[in-house]
Amino acid sequence: MTLINQIRNCRLCAPRFAATATRHAPRPVVWFRPGAPILIAGQAPGMRVHLAGKPFADRSGDRLRDWTGINEDIFYDRSRVAVVPMAFCFPGYDARGADLPPPPICSATWHERVMEQLSPRLLILVGGHAQRWHLGSAAKGGVTETVRRWRDHAPVIFPLPHPSWRNTGWLKRNPWFEAELLPELRHAVDQILRETDDTSGPALPDPLP
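Everything numeric in this text was worked out from a predicted model, so none of it was measured.

A. Broad picture of unusual backbone geometry. With omega at 5 degrees, the peptide bond leading from Ala 154 into Pro 155 counts as cis. On the secondary structure map, Pro 155 appears in the loop between helix H8 (143-148) and strand S4 (157-160). For Arg 23, which is not glycine, the phi torsion reads 50 degrees and is therefore positive. For Arg 23, the position within the fold is in the loop between helix H2 (14-18) and strand S1 (38-41). The backbone phi angle of Phe 56 is positive, close to 55 degrees, even though this residue is not glycine. Among the secondary structure elements, Phe 56 is positioned in the loop between helix H3 (47-52) and helix H4 (59-68).

Next up, the structure:
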């Protein structure tokens, strides 16, 4: 069984999810293919992504695609963009209706194995969980400080806040993000996609559902 299918069939968190306010069953959202030049490392699927079975199939995804300057066709082309969250399943809501954090058992079980199959040229780290895993001690200052130091990692790695619309206030308080970081991110994405398209030829049909 391939690694992708192993993750899709994972039910490690079934008892954990059954005990949440949503009482949902696991549905791993697996969206990567070895060879994709761009990797988006996120947090965990939300409820809309859980229902759709596609990563960032929500308003957060609309904002993230705007930040990166790519349309849905490219974003969902697994030969170009891999999306690997720190938890592949929707973790559920707590009693107050807030998203639960990604269960650590997911990244402990799968993340290193997935990364061994990938060799991205550009790594986009969305949110604190992904930043702490991929950057280690360089992310100890929290999301704002990590994103503020984006030049330490560019043009290979770009740390981003979560594109949730709840972070609109953060964007207003930190105008440098849209004025300085996003143009460089879009340039890096565009350059890699152009170079990849020039050398790889037409994308192959995706065999994954």
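B. Seen up close, the side chain of Ser 107. Assignment of secondary structure puts Ser 107 in helix H6 (residues 104-117). Residue Ser 107 is classed as buried on the basis of its relative accessible area of 16%. Among the polar contacts made by the side chain of Ser 107, one reaches the main-chain carbonyl oxygen of Pro 104 at a distance of 3.2 Å. In this structure, Ser 107 is in contact with Met 86 and Glu 112, ignoring residues within four places of it in sequence.

Parameters and conventions
- Residues numbered from 1 in each chain as written.
- Predicted model: local features only at pLDDT ≥ 70, side-chain atom pairs only at ≥ 80, totals over all residues.
- Heavy atoms only, no water.
- Helix = DSSP H or I, 4+ residues; strand = E, 2+ residues; numbered from the N terminus.
- Buried < 20%, exposed > 50% of the residue type's maximum accessible area, 1.4 Å probe, protein only.
- Polar contact = N/O pair within 3.5 Å; in protein donor to acceptor, adjacent residues only side chain to side chain.
- Contact = heavy atoms within 4.5 Å.

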